[in-house]
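Fold and contact review
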Amino acid sequence: RSAGIPCRVVNGMADGVAHAWNAVQLNGEWYHLDPTWGDMESGIRYDYFNVTSEILLLDHTISPDYAMLTSEQICGEDDQKPQLFNLSLPDCNGTAENYYARCAILIEGLEQEGDQAIVSEIVRRIGQGKTSISFQISAALDYEATIQMLFERQPYKILYYLTEANRRTDGAHQVDLEQVHYIQNKNQRAVTVMLFIIQEESR
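A brief report on the enclosed structure follows. (Residues numbered from 1 in each chain as written. Predicted model: local features only at pLDDT ≥ 70, side-chain atom pairs only at ≥ 80, totals over all residues. Heavy atoms only, no water.)

With 24 residues, the main nonpolar core has Ile-122, Ile-126, Phe-135, Tyr-161 and Leu-195 as its most contacted residues. Elements supplying a minimum of two residues to this core: strand E8 (105-107), helix H4 (115-127), strand E9 (132-137), helix H5 (143-152), helix H6 (157-168) and strand E12 (190-194). Broken down by element, this core gets its largest block of residues, 5 residues, from H4. In this structure Ile-122 touches Ile-105, Ile-133, Phe-135, Tyr-161, Leu-162 and Ala-165, once residues within four positions along its chain are discounted. (Core = buried A, V, L, I, M, F, W, Y, C linked by side-chain atoms within 4.5 Å. Buried < 20%, exposed > 50% of the residue type's maximum accessible area, 1.4 Å probe, protein only. Helix = DSSP H or I, 4+ residues; strand = E, 2+ residues; numbered from the N terminus. Contact = heavy atoms within 4.5 Å.)

See below:
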């Protein structure tokens, strides 16, 4: 709200524990935004950055609207805790401002024609100081097969992309090719690559 973004608190459950997150309105559409689940030990993740209810409900539960509950449920009765509830939540079905839709590098194929554009974008982001880069796998591709060809078997395209990126940098920031980790998000057809950047003075 301080940033001028319409925002509401959403009550519910995550991993069986009472939890709260936000619903935000951007360009007239509503999205779920759970910053708590974006702060991971492995770094910042964007799996819950402007997602639809359909995506969120895969591992979150949204508490019912207060109008669906009795006053006893809302207030608690007979030593029972009050029921978690929400106040007239909007439908969160926007997709245009989803993090991966806006910010991930789209992989439409693993042929050479698309390589240079992907490498150029990786170089640009490393130059901005990014230590994680997200990719989204086109719906036209098999997600699992593409992940395997990127990371687990020939042609190991991610290694090719990062090697080429290293060749294009000025030497101040090189990716350590021995410390590349990735986190899949099959629900959103995405994968985030965590990078370790070798600063020039440490080499």
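Next up on the list: the sheet that holds strand E11 (residues 181-185). One open sheet accounts for 4 strands, arranged E8-E9-E12-E11; its pairing is mixed. A strand with exactly one partner marks an edge of an open sheet, and here the two such strands are E8 and E11. Neighbouring strand axes in the sheet, compared pairwise and without regard to direction, differ in orientation by 25° on average. Alignment of E11 against E12, held across 5 bridges, turns out to be antiparallel. Counterpart to Ile-183 in the pairing with E12 is Thr-192. (Pairing = 2+ DSSP bridges. Axes fitted to C-alpha atoms, helices over the stretch in contact; angles between N-to-C directions.)

In a regular helix each residue adds 1.5 Å, so 12 residues correspond to 16 Å; H6 covers 17 Å between its end C-alpha atoms and thus fits that length. Within H6, the full set of buried residues consists of Lys-157, Ile-158, Tyr-161, Leu-162, Glu-164, Ala-165 and Asn-166. Looking at the buried residues of H6, the elements they touch are H4, E9, H5, strand E10 (173-175) and E12. (Expected span 1.5 Å × (residues − 1).)

The next thing to look at is the packing of aromatic side chains. Evaluation of the coordinates by the stated rule reveals 7 aromatic pairs. Ring centres of Phe-49 and Tyr-99 lie 5.9 Å apart, and the angle between their planes is 65°; this geometry places the pair in the edge-to-face category. Of the two residues, Phe-49 sits in strand E6 (residues 49-51) while Tyr-99 sits in helix H3 (residues 99-103), which places them 50 residues apart along the sequence. On the accessibility criterion, Phe-49 (34% relative accessible area) is partly exposed. On the basis of relative accessible area, Tyr-99 is assigned to the buried category, the value being 14%. Each ring, one from Tyr-99 and one from Tyr-100, has its centre 5.5 Å from the other, and the planes form 80°; the classification is edge-to-face. For Tyr-100, a relative accessible area of 1% puts it in the buried group. Ring pairs connect the aromatic residues Tyr-46, Phe-49, Tyr-99 and Tyr-100, which therefore count as one cluster. (Phe/Tyr/Trp six-rings, centres within 6.5 Å; stacked < 30°, edge-to-face > 60°.)

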